[in-house]
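# Summary of the model geometry
If you want the building blocks of each chain, they are given just below.
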Amino acid sequence: MAESFDALILGGGIIGASLAEELSRHGRHVALIERDRIGAEASTAAAGILSSQADVAQPDAFFDLCQASRKMYPRWIEHVQRRSGLSVGYSVDGVLHVAMNSKEEKLLDKRIRWQLKRGLKVTRLSPREAKRFNAAIDGRIKRAYFFPTEAQIDNALLMAALGAACQKAGVETREGVTATRLRMEGGEIKGVDTDRGAFDAPIVVNCLGSWAGVEGLTPQPLPVVPIRGQMLVFDGPKGSFRTPVIGERAYAIQRRDGRVLVGSTLEPAGFHKALTLGGMHEILCGLRHITSAVNNWTYLTAWAGLRPCAPDKLPVMGQTSVKGLYVATGHYRHGILLAPVTAHILTELILNGRTGFDIEPFSPLRFTK
Ligand SMILES: Cc1cc2nc3c(=O)[nH]c(=O)nc-3n(C[C@H](O)[C@H](O)[C@H](O)COP(=O)(O)OP(=O)(O)OC[C@H]3O[C@@H](n4cnc5c(N)ncnc54)[C@H](O)[C@@H]3O)c2cc1C
């Protein structure tokens, strides 16, 4: 006999796990179905830079979404840490963006003009000021911009903490279970078939990241594709990077234990999480222009992850054309940042049938029009 729940969340990445935890806290009997283990894919592979400003090109609904999530982060992290008993390395130390040439400088200048008009905090630094600010920077940079309210987190620790918080909230986590097909009847969702049997529920949320559009798991076009990101890890001396440093071709972020994560490529390479010589070379050349310190670091490890990306690079979230079936994917380069606001919006939609956020630009129905 099929197991029965109030809601099934498909995919145990940051988006699925944060939503499962929030829905369960609101008294719903929730199962989180993950084919591997919680955080197995992009959510652990990410760098953990919470960039709601430095990385956003224009003032639009996406920018508002990023800002809303940034504001939710401190309380959300406090909650996850309290429930899990784990510390996740969250800190608001700011982010340093460097421009290596006039073209990049112009782009960043344009971005900070509208941000300053909106009262957001950002400081323009000369190359000399940037070098004073961060001793590891010794490349030929043209300009730097410091965004003091941007934050960082150890997303691998966050996924471990979210898994524990889910358990505490009463989520039934089913790891090693692969969803194979949605079960629908008369335009309504009824549940999902898996390789370990059927699960029944009147609410199903597809949080399958790069796999959200796979046949059988979406009744309508969901053109989300994986964009590969390769990441290299070095043992750098502690204090090499006070804040994450982002350039056009590479970025670096230092964990509390001294590891420096260096990323990343943006490659359409299907579902192949391979590391390539070309990719690693590109990242290292990009970083080498910012800092020569990398020459002396000890190489530790490397990995690749798949960012879920829609054709317009915007998140895909909301109700589908099938009653009771929702989607939350397509978070591309901002899924770690956008987890709390996504969980909040989907919880509002599921419990109240509406949300206070403008999610029209992110509608899953935009691909069927
Ligand atoms: C190299 C890299 C760096 C990044 N850096 C940042 C950053 O600094 N800041 C930031 O905000 N974002 C960053 N991102 C983006 C962020 O990681 C993603 O947007 C986010 O993790 C997406 O979360 P998700 O839960 O949608 O997907 P995922 O984490 O991929 O989760 C989807 C889950 O679904 C499971 N699944 C798939 N098919 C099935 C099935 N049939 N049945 C059951 N389970 C299934 C998978 O195993 C997986 O665990 C980065 C990404 C990469 C790759």
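Nothing here was measured: the structure is a model prediction, and the numbers come from that model.

## Let's talk about the sheet that holds strand E1 (residues 3-4)
Two modes of strand pairing occur in sheets, parallel and antiparallel, and in both the strands are linked by backbone hydrogen bonds. What the 4 strands build is an open sheet, ordered E1-E12-E11-E10; its pairing is mixed. Two strands bound the open sheet, and with one partner strand each, they are E1 and strand E10 (179-185). Pairing of strand E11 (residues 188-194) with strand E12 (residues 197-200), which is carried by 4 bridges, proceeds in the antiparallel orientation. Following the sheet pairing, Thr 194 is matched in E12 by Gly 197.

## Focus on the pairing of strand E17 (residues 259-263)
Most of E17 sits out of view: 4 of its 5 residues are buried. Bridge count for strand E14 (residues 225-235) against E17 is 5 bridges, and the pairing is antiparallel. The residue of E17 that forms the bridge with Met 231 is Gly 263.

## Side note on the packing of helix H1 (residues 14-25) against helix H8 (residues 335-352)
Following both chains from N to C, one finds H1 and H8 inclined at 40°, their axes separated by 8 Å at the closest point. On the basis of their axis angle, the class for H1 and H8 is oblique. Taken as a pair, H1 and H8 cross one another with a handedness that is right-handed. Facing Ile 14, Ile 15, Ser 18, Leu 19, Glu 22 and Leu 23 of H1, the residues of H8 in contact are Gly 335, Ile 336, Ala 339, Pro 340, Thr 342, Ala 343, His 344, Leu 346, Thr 347 and Ile 350.

## Here we look at the site of the ligand
Taken together, the neighbourhood of the ligand is formed by 42 residues, with Gly 13, Gly 209, Gly 229, Gly 305 and Gly 335 sitting nearest. For the shell around the ligand, the elements supplying multiple residues, two or more each, are H1, strand E3 (30-34), helix H2 (42-45), E14, strand E18 (298-309) and H8. A breakdown of the residues in the shell around the ligand according to their chemical character gives 19 nonpolar, 17 polar and 6 charged. Here the shell around the ligand spans two domains, since at least three of its residues come from each of domain 1 (3-77 + 156-223 + 312-367) and domain 2 (95-148 + 225-307).

## Focus: unusual backbone geometry
Trans peptide bonds make up most of the peptide bonds, and negative phi angles are found at most residues other than glycine. In the segment running from Gly 263 into Ser 264, the intervening peptide bond is cis, with an omega of -20°. Checked against the element boundaries, Ser 264 lands in the loop between E17 and helix H7 (277-290). Residues other than glycine seldom take positive phi values, yet Lys 313 does so here, at roughly 65°. By the secondary structure assignment, Lys 313 is in the loop between E18 and strand E19 (316-319). Note on Lys 313: 13 C-beta atoms within 10 Å, which makes it partly exposed.

## Notes on the environment of Arg 83
Along the chain, Arg 83 falls in helix H3 (residues 61-84). When the 18 C-beta atoms within 10 Å are taken as the criterion, Arg 83 is described as partly exposed. A C-alpha to C-alpha distance of 28 Å links Arg 83 and Val 260, two positions 177 residues apart in sequence. In contact with Arg 83, other than residues within four places in its own chain, are Ala 165 and Lys 168.

## Some thoughts on the sheet that holds E3
Strand order across the open sheet formed by 6 strands is E9-E3-E2-E13-E20-E19, with mixed pairing between neighbours. A single partner strand is all that each edge strand has here, and the edge strands are strand E9 (172-175) and E19. On average, adjacent strands in this sheet sit at an angle of 15° to one another, irrespective of strand direction.

## Some thoughts on the packing of H3 against helix H6 (residues 155-169)
Contact geometry for H3 and H6: axes closest at 8 Å, N-to-C directions at 70°. Here H3 lies roughly perpendicular to H6, going by the angle between them. The way H3 lies across H6 gives a crossing that is left-handed. Packed against H3, whose contacting residues are Val 80, Gln 81, Arg 83 and Ser 84, the element H6 presents Ala 161, Leu 162, Ala 164, Ala 165 and Lys 168 at the interface. Considered class by class, the residues forming the contact of H3 with H6 number 5 nonpolar, 2 polar and 2 charged.

Here is what the cut-offs are and how they apply
- Residues numbered from 1 in each chain as written.
- Predicted model: local features only at pLDDT ≥ 70, side-chain atom pairs only at ≥ 80, totals over all residues.
- Pairing = 2+ DSSP bridges.
- Helix = DSSP H or I, 4+ residues; strand = E, 2+ residues; numbered from the N terminus.
- Buried ≥ 20, exposed ≤ 12 C-beta atoms within 10 Å, placed from the backbone.
- Axes fitted to C-alpha atoms, helices over the stretch in contact; angles between N-to-C directions.
- Parallel < 35°, antiparallel > 145°, perpendicular 65-115°, else oblique.
- Left-handed = near helix turned anticlockwise from the far one by under 90°.
- Contact = placed C-beta atoms within 7 Å.
- Near = placed C-beta within 6 Å.
- Nonpolar A, V, L, I, M, F, W, Y, C, P; charged D, E, K, R; others polar.
- Domains from an automatic or database assignment.

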